[in-house]
Structures are given as structure tokens and as C-alpha cells.
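Letter by letter, the chains look like this.
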Amino acid sequence: MVAGSDHSVLVIGGGIAGIQASLDLGETGIKVHLVEREPNIGGRMAQLDKTFPTNDCSICILSPKMAECFRHPNITVHTYSEVKEVKGSKGDFFVRILKKARFVKEKECVGCGDCTAKCPVKVPDEFDMRLGRRGAMYFYFLQGLPRIPTIDKVHCLYLTRGVCGICKKVCKKDAVDFEQKDVELELNVGAIVVATGFDPFDPTGLSQYSYGRYRNVITALEYERLICSSGPTGGELERPSDRKPVETIAFIQCVGSRDVRNNPFCSSVCCMHATKEAILAREHNPNARSYVFYTDLRAVRKGFQKYVARGQEQYGVTYVRGRVAKVTEDDYENPIVWYEETRGSEMVKMKVDMAVLATSLVPRRGAVDLAKVLGVKLDEYGFFKTNPLSPLDSSRDGIFVCGSCREPVDIPDSVAQASGAAEKAAETVMRM
Amino acid sequence: MGEEIKTFKDLRKEVIDKGLCGKCGGCYSFCSAGELNALEIGEGDLPVYRDEEKCLKCGICYLICPQIDVLDDELKARFGWMPPIGSYQAISSARTTDKDVMDVCTDGGVVTSLLLYLLDRNQIDGAVVSRKKSPFAREPIIALTREDVVSAAGSQYSVSFHLEEIGGKYSTYSPILPSVKSLEKRYLTNIVVVGTPCQISSIRKMQCLGILPAHLIKYTIGLFCIESLSFDDLARKSLEKRFDINFDNIRKLNIKEDFIVTLSNGATVHIPLREVDEFARPACLACSDFSNEYADISVGGLGSPDGYTTTIVRTRLGEELFWNALKQGYIEEIAFRDSEERRLQKTKALAKIVSFSRRKRLRAENELRKLLGA
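Owing to the predicted nature of the structure, the values given are computational and were not obtained by experimental measurement.

A.B. asks: Honestly, helix α1 (residues 8-16) of chain B in this entry has me stumped. Any pointers?
C.D. replies: Side chains three or four residues apart in an α-helix point the same way, a direct result of the helix having 3.6 residues per turn. All names here are of chain B. Within the span of α1, buried status applies to Phe8, Leu11, Val15 and Ile16. What you see down the axis of α1 is that its buried residues fit within an arc of 70°, all on one side. Summarising the contacts, the buried residues of α1 are in contact with α2 (26-33), β1 (39-41), β2 (47-49) and α3 (60-64).

Given below as C-alpha cells:
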């Protein structure tokens, strides 16, 4: 404990930004409460297959940080929990947290997975972007921490109908507890770091892209799960309609972004994740050819332009400047991409095996409610509002924001902002 | 917990021991798909404990049994069921446009063609159907290719299909549901099941609960079904004598207004249904579903001229399937002189289906009353 501080910090959101902020604060000697809404920490980064521009395995570089959070003596992780109320002011916030019932005794469970293997319920798996299925008793994701399964009370047959109970019967540790209730925790913290991240924009409403109508039109986050070895296909890059290997792929950029009818802002990461996904397509299939249909190619950070060049030269990635007007389909479910070739100013169409939509990054569902609870302002797009010269300060003293909940950013930027927000929070509590 | 959950023991007492088990295989397919492995299909195709110790008393086999009515109201609400034949969008007489299918099918070959459409368009990974193993024995298969489907058509829809229609079971019965359990491992995640009302009902109950293996079943095609007949030697002899036929010379069986036996020499013998009712199993006599009221599409010969299949399109999914198969030229609707004739024929077909449904429902009520000793 650093001299002069007996205040702790609340970090909201257990993605890469929240994890980094917690670790930095913990290392400073400040007590941290990390609150995550989902059953495990990890966030969006845990869903990605690789990261740009190094092609590092995303979960491999995230996992050690997740584990460190749980091991750290100064960090208390509250998973499956939500912030319900915040009162007080900078230096002396009173926080009420709802810890939702998992129906599993965390102290007894050893994470063996006997219960999840036997759960007879099969529902779409949100972590796999609904491409796979999970039980009502489930692990949120393979490498998730803590390794404790959770019962989804909406689909559990015991909790809804009083039958089954197989998980409890097969548990050798008697760790399943159907009587478990939600509990409330009360915390007193000196500062708050908000790191709730983003949701992918739902392109269903943009009918020109035919998402939801054609099976071989998918979103970039779905693509990440498809090529991930822990994903629903075990990492086989097969198109959804017939499971044939994918050879030609269209990456359609700015879906919902830079669009005055939807999200006027640039989502900042899509040019690079499309480049990465196109490179990975070739790594999965040596015959793969990718076409990235872009508005402007934004490769603005260190090594990004080189990464694009590598894609072009070594991985058969073609960049086509032009916004896609529409996507249709032939009789064999091959998407046909209609676009304007801006160099020759002509309308062109291209038949591909699969189209991947780079959908915008929008604030997480619940950001509006959380802003109300925190008493902070959101900007016109729903991101947490900050000022240019104090980019990590929310509109309320003692509450700081970092990562994609304040604007769409990539992983290195999230981490940098998280460290910045942690420093600001530390400064706040250490002055108390 | 646990005391109040009804288990396989109750199922045995309330259904199997009373002869009410329709042998749909639902309980066993769930128990084995979930790798609980407490049940197996025993003598006479009836489910029995394989290892009672392994039974976790989850009570799911009990809930999904077609003869148990706990989930019936939920099923009715979910499918917008209404009397007398359940919810439906359209009734049509249709037939295949495929010469190969036409050669082997008995009615219109609509089921085979719908399966071919689904396979060709990658809407399914496979179809669970049953095909003839020997003249009076059938086995369930998972058809993965056009050839598989057509090979099942040769028997399913010439002999078995109509057997399904009269209850479909003759001296054999094909418990198709157990074959569903092995599907997921074969990387089949979208399948279609062609089955009798009890089989479809069991699948729908599993889907109500959201449990395996029914989560793999995307489409259900239901066969009209009056009853399952089981001819023992005595029954066979009696029928052979009364109607002067030799069972060994039967080429196909069908039912429309009556039980139609086509012999290998091409001659047909019509047997009134009441004459074969006595060979029906009690389970079928207690079943009230003739027209497969919870399937996506229900089919049968009743109500259509020779060479056509009466097709009842029920769900939104079924509607999409039927119209797409029609649009893509896999099947065609019967041509009518004018809209007046169309209306008349459809009304006639509907009337027949309604009358058979009423008859079956009434019979079930009587049978249940008898069984309950009232």
C-alpha cells in the first residue's frame, strides 16, 4: 500500500483496457475492484483470432494478463456483476454492485466441466457470435477466467421447469446450487475507471449488404470466430452455406461507419483488421484471394503501412478503392459484390465465395444506463464524453474512461489509454 | 430435489406397460444423445432400462413422450394449433418433376423431391429417413446424398411410405429418432426428419425444451398416419384367407379411403379399414394425430388423385420450403381446369383429412377411456 492512500479504485469492464488499468493500479499498490458483466473477463479481445500488425494469437497474449488479474493481491475480480448505483463524489464514491447468481458455488467448483458436458440444453453461443451452441450450464469461453461454469437461468430446465438437474447430479463436488441468489455488494472507492468497450454494429438494417438474408455474408467478428481454432469450426475456414473451403473473399469496409445515416465516424480499426483477416485467409488456404473494398485506406500507426504492403505482396490481398453499392447472390449462394471502380469510374460486379462486413464499432449495449448510474455525459454517438486536452476524464470528477467506450480504438491504444486512466485514478486516490 | 420429478419408471407405468408406447424412440434418442446411457431399445422395439443405475432421474424422457400431455398446451400455443387438423397455411396436391423419383415413388414423390431440393441447396446436411431392409423390415438411415435419398424413396415411398400412412409400421417399425443422436459427431448440424406424428411430436417437445439432439433438426416432414399395423402370422393368415391374397406377392401397400394392396401381378385388392383396425397396436389406437399436426409440412396420399401427394404446408419454414421447391421446379402442383375446380378439389381433400382426423381423435378418446377403465 502506497503511503497516504487507503482508497481503492473501481474498474468497470474486464476487457483488455479494464485488465490493463487494474494491473497498473494494483502494481502501484492500490486496491482495485474489477467488475465484469459477463461470466468471465477477457472481453472482445478474447474473441479475436489474431492481432495486427504482428499476427500474434490474441488469446495467447491476453491470457497471462487475465491470470495476473486473478493472482494479484491488490485486485478483486467481480465477474457476472453489474454496477447498479454510484453515489458520493471524487475521493469518496459509494458503489452498489449486483453480483448475479451463477448457481455454482465458486469456492467448491474445480472447473472440471462434467456438468457442462452433460447439460442437455443447446442454445446459440453468444461468445461464438451465435455460430455455435452451448449448454444452459456453460463456460463462457474455453480459456475464460475464473474457470467456473455458469447456469443461464433463462434456458435451464431445472430453474424454469423443475426437471433435469443433471449438472447437480453429476457434480462430484456438490458445487451446483439452484438456490443461489443474486447478492449485492457495497464498495467505497476513491475513483472509477470506465472501460466498457464496444459492440459491433448490427448490419441487418443495411439491406444493401444482405446480411441475415444470405448465408455467405458474415460480419468481421463472426469471421474471427470462424478462423479461430477454439471457434465453432475448429478453425477451418469454411463458408457457412456448404462448408466448402473459401477461396475468394470480399472484405467490405465502412459498413455503418463514415455513413451519415448511421455512424458518421471512422471506426479506426477496420482497415487493419480487414488486412489481418485477408492475410489469415491465405494462411488458412494457400489459394485464397482477398479483395478489400475500402473508402480510404487508413493505416496510420507504426508498422501498419508495412503490414498492408506485406498483405499485397505476400498474401494475395488486393485493395479496391470504392464503396460497395450492394451485395446480391447467384444460384449457388455465391455473393456478388457490386461496386464502383473509382479509378475507371465504372460499375463493376465481382463474384466471391464469401463477403465479410467490417461493421462499425458502437458503444456497448447498456452504455446509456451506465452513464446514468455514473452521472456522466455521453457524446452524440453514445461514447463516453471527453475533452481534447483531457481525453481520459469523463464529465464527472474522479471518473475516468479508456478504450473503445470513449471512441473506437485498437488494442495498443486501449492499453495505452488504460495505463493513462489508471495513472489518473491513482493520482486521485493518492491525494486523498 | 428430485422427489417430484417423474422419471422413466413413471413412463413405464403410465405408457409402456399399458401398451401405449408408439416406439418413436424419442426417450432413448435423448438419453443416449445426452450420453446418459440409461436406456436402450429392447425386445419388441420397446425402450427399457439398459442400466438403471445410470438413470439420473432428469425426467426428460417422461416429458418428451408423445403419450404424455404435460407439454401439450405449450406445443399447441407454440404452433398456433387449432381444431380440427392443426394450423396450416395451404393445402396442395403436388408431385415430383424428377423422372427417377417418379419411377420409384408411389404417390407424387413430393417428400423425396423436397429432400433433394434441401440437399441440392445445402439447406441440410442430411435427412433421417427409413428404407427397406427386407420385404417387411425397415431401417433408419441418414441420407447424405441424392443417391441415398432416392434409394430410400424406392422403398420408403413405394412400400414404407404408405405403410407409414396407415400407421407405417406393418410387421416392422423403424425407430428413426435414435439415429439422430449420432449426428452431431458427424458434423451434421442441419437435418430434416421424415416421420410419423408420434416421432414429430417427440421432436417438437424436445425443441420446446431446447434440448439435444433435436437442436440439429431444422425441418420436419410429417406423414399422415392412421395406425401402425403389426401382422403376426395368425393375422397374416387370416387376411390372406379372407381376401385371397398372398403376402409374399405384395408389391405395395397404400391407403386412401381404404387399405389398398397392390400385388406383383398388378392386381389391386381393397380392404376396408375396419378390417385391419384390429391389427393396430394400442399405442396407435390411443393416438389422436392423423395429419401430423406439428410438422413443417405434412404429406400423404389421402385427398389427391393417383400420382399426387396431398401436401399440407403448416409453418413459415414449411411454407418457404414448399414454395421454393415449387419455384425451383423440383415439384409441381396439380393443374385444375379453373379456379372453381381448384376450390372444389381442395375442399374435398380438406374434408377427407378432417374426417380421418376426427375419426382418429374419436377412436383415441374411446381407447383411452377403455384403458383408464372408465
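A.B. asks: Help me understand helix α9 (residues 367-374) of chain A in this model?
C.D. replies: Residue and element names in this part refer to chain A. Every buried residue of α9 is listed here: Ala367, Leu370, Ala371 and Leu374. Looking down the long axis of α9, one finds its buried residues gathered within 105° of arc, a one-sided arrangement. Turned more than 90 degrees from where α9 packs its buried face, Val368, Asp369 and Lys372 sit exposed. Those residues of α9 that are buried lie in contact with β6 (81-89), β12 (183-194), β22 (361-363) and β23 (399-401). Among the residues trailing α9, Gly375 stands out with phi positive, at a value near 70°.

A.B. asks: Just to check I follow, could you spell out the sheet that holds strand β18 (residues 324-329) of chain A for this structure?
C.D. replies: Sheet strands line up and pair through hydrogen bonds in the backbone, either parallel or antiparallel. All names here are of chain A. Read across the sheet, three strands follow the order β18-β19-β20 without closing on themselves; strand pairing throughout is antiparallel. This sheet does not close on itself; its edge strands, each paired only once, are β18 and β20 (346-351). Here the strands of the sheet are splayed against their neighbours by 25° on average, with no regard to which way each runs. With six bridges joining them, strand β19 (residues 335-341) and β20 adopt antiparallel strand pairing. Note on β20: the bridge partner recorded for Ile336 is Lys351.

A.B. asks: Just checking my understanding: could you explain the nonpolar core for this structure?
C.D. replies: One recurring pattern in soluble globular proteins: nonpolar side chains tend to sit buried together. Among the nonpolar cores identified, the biggest contains 178 residues, and A:Val9, A:Val193, A:Val194 and B:Cys61 are the most heavily contacted of them. Looking at which domains feed residues into this core, each of domain 1 (8-100 + 182-197 + 364-430) and domain 2 (114-170) of chain A supplies at least three. Residues in contact with B:Cys61, not counting those within four places in the same chain, are B:Phe8, B:Leu11, B:Cys27, B:Phe30, B:Cys31 and B:Leu39. Counting residues in hydrophobic clusters, the runner-up holds 51 residues, among them A:Phe198, A:Ala250, A:Tyr294 and A:Val337.

A.B. asks: Would you mind going over the interface of chain B and chain A with me for this structure?
C.D. replies: Put simply, an interface is often sized by how much accessible area is lost when its parts join up. Counting residues at the interface gives 15 residues for chain B, matched by 15 residues for chain A. Each residue belonging to the side of chain B that touches chain A can be placed in one class, and the counts come to nine nonpolar, six polar and no charged.

A.B. asks: Where do I start with unusual backbone geometry in this structure?
C.D. replies: Trans is the prevailing form of peptide bonds, just as negative phi is the prevailing case for residues other than glycine. Between A:Leu145 and the following residue, A:Pro146, the backbone shows a cis peptide bond with an omega angle of -5°. With an omega of 0°, the peptide bond running from B:Pro83 to B:Pro84 counts as cis. Counting through the fold element by element, B:Pro84 comes out in the loop between α4 (72-78) and β3 (90-96). Residues other than glycine seldom take positive phi values, yet A:Arg258 does so here, at roughly 50°.

A.B. asks: Looking at this structure, how should I read the confidence of the model for chain A?
C.D. replies: Low pLDDT marks regions whose predicted coordinates should not be analysed in detail. Averaged over chain A, the pLDDT score is 95; the fraction of residues at 70 or greater is 99%. Predicted confidence is poor over residues 1-5 of chain A, with pLDDT under 50, and the contacts of this stretch with residues over four places away or in other chains come to ten contacts.

A.B. asks: Would you take a moment to explain the packing of helix α1 (residues 16-28) of chain A against helix α2 (residues 58-71) of chain A for this structure?
C.D. replies: The angle between the axes and the distance between the axes are what describe a pair of packed helices. All names here are of chain A. At a closest axis distance of 10 Å, the pairing of α1 and α2 adopts a crossing angle of 50°. Taken together, the axis directions place α1 and α2 in an arrangement best described as oblique. The two elements α1 and α2 cross, and the hand of that crossing is left-handed. When α1 is examined against α2, the residues Ile16, Ile19, Ser22 and Leu23 are found in contact with a partner set consisting of Leu62, Lys65, Met66, Glu68 and Cys69. Classifying every residue of the contact of α1 with α2 by side-chain character gives six nonpolar, one polar and two charged.

A.B. asks: Help me understand the pairing of strand β7 (residues 92-99) of chain A, please; the structure alone is not making it clear to me.
C.D. replies: A regular strand carries its side chains on alternate faces of the sheet. Residue and element names in this part refer to chain A. One ladder, built from eight bridges, connects β6 with β7; its direction is antiparallel. Looking at the pairing, Glu82 lines up with Leu98 of β7. In sequence, β6 turns back onto β7 through a hairpin of two residues, with Gly91 there showing a positive phi of about 90°. Bridge count for β7 against β12 is seven bridges, and the pairing is antiparallel.

A.B. asks: What should I look at first to understand the environment of A:Phe94 in this one?
C.D. replies: All names here are of chain A. Examined against the element boundaries, Phe94 turns out to sit in strand β7. Classification of Phe94 as partly exposed rests on a count of 13 C-beta atoms within 10 Å. For the pair formed by Phe94 and Gly190, sequence separation is 96 residues and the distance between their alpha carbons is 8.8 Å. In contact with Phe94, other than residues within four places in its own chain, are Lys87, Gly88 and Asn188.

What counts, and where the lines are drawn
Residues numbered from 1 in each chain as written. Chains lettered and ligands numbered in written order. Predicted model: local features only at pLDDT ≥ 70, side-chain atom pairs only at ≥ 80, totals over all residues. Buried ≥ 20, exposed ≤ 12 C-beta atoms within 10 Å, placed from the backbone. Helix = DSSP H or I, 4+ residues; strand = E, 2+ residues; numbered from the N terminus. Arc of directions from axis to C-beta. Contact = placed C-beta atoms within 7 Å. Pairing = 2+ DSSP bridges. Axes fitted to C-alpha atoms, helices over the stretch in contact; angles between N-to-C directions. Core = buried A, V, L, I, M, F, W, Y, C linked by C-beta atoms within 7 Å. Domains from an automatic or database assignment. Nonpolar A, V, L, I, M, F, W, Y, C, P; charged D, E, K, R; others polar. pLDDT = per-residue confidence, 0-100. Parallel < 35°, antiparallel > 145°, perpendicular 65-115°, else oblique. Left-handed = near helix turned anticlockwise from the far one by under 90°.

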